[in-house]
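A structural walkthrough
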Amino acid sequence: MQSLARRVIGRCLHRLGVRRPAPAPLAYWTERARAHGPRSVLNLGHAESEYEAVTMAQKRELFPHLARCLTGQERVALDFGCGPGRFTADLADRIKGRAIGVDVVLAYLDMAAPHERVEYRPMDPGRIDLADGSVDLVWVCLVLGALREPVLSRSAAEIARVLRTGGLLFVVENTSEQPDAPHWTFRPVAEYQRLFPWAALRHIHDYRDLGERISVLAGRKS
Ligand SMILES: C[S@@+](CC[C@H](N)C(=O)[O-])C[C@H]1O[C@@H](n2cnc3c(N)ncnc32)[C@H](O)[C@@H]1O
């Protein structure tokens, strides 16, 4: 009853052009994880039964590009905004080293499968609890679109801080030209390149997910 009333009020406010403030990303992703489990990190247009297939398809799209960017010297990978760790263990395997997955939502870290060379750590928005220059690879997959200022810039600065000089930044983000959703900002490739000027990100690939453009960028810390 209460939620019906809320929906009716929401619709009236919408018609009057009054927008409710979007929930803070942490509250939004906590609730989304609770409501939809691991599938919540996908576009919710995908059915629950598609979770594995979509994740496998993304690995097939992304890992060949990552492999071409690696030098073989990487030993520590950071999966920034790792969610339920869809890629974290693969990162450890691919660099034959270890990986650290960090996320602001504890429920996601609880969903992640244990792996002997992977550590999952909670983080506060805009703060990565790792030493300066302690990682060789930062992997960011479909996370930055969820961030707004000032957390977006703080997160970029933290990524710069923890990545060693010469380390690889690998970014995968939705760059579709469409209006922002309350929980997601659709930015063009150039905006992500400007966010990490020290990495000179190259736009190396695009693929489609439910018709939306997902762009892959990579560069090294100068
Ligand atoms: C679309 S999901 C992607 C998760 C994972 N990278 C993947 O591809 O499966 C977005 C993720 O961003 C995380 N997130 C939200 N705000 C964040 C922040 N300030 N710092 C780091 N991660 C954040 C969410 O908790 C969620 O796990």
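Here, every reference points to the structure presented above.
Note that this is a predicted model, so its numbers are computed, not measured. (Residues numbered from 1 in each chain as written. Predicted model: local features only at pLDDT ≥ 70, side-chain atom pairs only at ≥ 80, totals over all residues. Heavy atoms only, no water.)

What follows covers the overall build of the protein. Scanning the protein from terminus to terminus reveals seven helices and seven strands. Secondary structure elements of the protein, listed N to C terminal, follow the sequence α-α-α-β-α-β-α-β-β-α-β-α-β-β. If you line up the protein on its principal axes, its C-alpha atoms span 60 × 35 × 35 Å. The proportion of buried residues among the 222 residues of the protein is 49%. Sequence-distant contacts, at least 24 apart, represent 66% of the contacts inside the protein between residues at least 6 apart. Accessible surface for the protein amounts to roughly 11500 Å². Of this, 55% is attributable to carbon and sulfur atoms. Charge-centre separation for the protein: the mean point of 31 positive side chains lies 3 Å from the mean point of 26 negative side chains. (Helix = DSSP H or I, 4+ residues; strand = E, 2+ residues; numbered from the N terminus. Buried < 20%, exposed > 50% of the residue type's maximum accessible area, 1.4 Å probe, protein only. Contact = heavy atoms within 4.5 Å. Areas by Shrake-Rupley, 256 points an atom, 1.4 Å probe, with all protein chains shown as cover. Lys, Arg positive; Asp, Glu negative; His and termini not counted. Charge placed at Lys NZ, Arg CZ, Asp CG, Glu CD.)

Below, the discussion takes up the nonpolar core. Grouped together as the largest cluster of nonpolar side chains are 66 residues, with contacts concentrated most on Phe80, Leu144, Leu169 and Phe196. Apart from the residues within four sequence positions on either side, Leu169 is in contact with Val138, Val140, Ile159, Leu163, Phe196, Trp198, Ala199, Leu201, Leu217, Ala218 and Gly219. (Core = buried A, V, L, I, M, F, W, Y, C linked by side-chain atoms within 4.5 Å.)

Now for helix α3 (residues 51–69). In a regular helix each residue adds 1.5 Å, so 19 residues correspond to 27 Å; α3 covers 27 Å between its end C-alpha atoms and thus fits that length. Along α3, the helix axis deviates most sharply at Leu62, where the bend reaches about 30 degrees; the proline Pro64 sits within four residues downstream. For α3, the complete set of buried residues consists of Tyr51, Val54, Thr55, Gln58, Lys59, Leu62, Phe63, His65, Leu66 and Cys69. Those residues of α3 that are buried lie in contact with α4 (88–95), β4 (135–141), β5 (163–174), β6 (202–209) and β7 (212–220). (Expected span 1.5 Å × (residues − 1). Bend = angle between axes of the 7 residues up to and from the residue.)

Each neighbour pair has its own omega, and for Glu149 with Pro150 the value is 5 degrees, a cis peptide bond. Topologically, Pro150 is positioned in the loop between β4 and α6 (151–162). The backbone of Ala200 shows a phi angle near 40 degrees, a positive value even though the residue is not glycine. Position of Ala200 relative to the elements: it lies in the loop between α7 (189–195) and β6. Positive phi outside glycine occurs at Leu210, with the angle close to 50 degrees. Summarising the element assignment, Leu210 is placed in the loop between β6 and β7.

Within the structure, the ligand sits among 19 residues, and Gly81, Arg86, Asp103, Cys141 and Leu142 are positioned closest to it. Between the ligand and Gly81 there is a distance of 2.8 Å, counted from a nitrogen atom to a backbone nitrogen or oxygen. At a separation of 2.6 Å, an oxygen atom of the ligand approaches a polar side-chain atom of Arg86. When the ligand is considered free in solution it has 590 Å² of accessible area, and contact with the protein chains removes 98% of it. For the shell around the ligand, the residue count by class is 15 nonpolar, two polar and two charged. (Near = heavy atom within 4 Å. Polar contact = N/O pair within 3.5 Å; in protein donor to acceptor, adjacent residues only side chain to side chain. Nonpolar A, V, L, I, M, F, W, Y, C, P; charged D, E, K, R; others polar.)

Across the five residues of strand β1 (residues 76–80), five count as buried, placing the element largely inside the fold. Burial along β1 is two-sided: the residues Val76, Leu78 and Phe80 and Ala77 and Asp79 are all buried. In this fold, β1 hands off to α4, which returns the chain to strand β2 (residues 98–103); that crossover is right-handed. Note that β1 and β4 share four bridges and pair parallel. Residue pairing in the sheet places Phe80 in a bridge with Val140 of β4. (Right-handed = clockwise from strand over helix to strand, strands pointing away. Pairing = 2+ DSSP bridges.)

Scope: geometric values only; no functional claims are made or implied.
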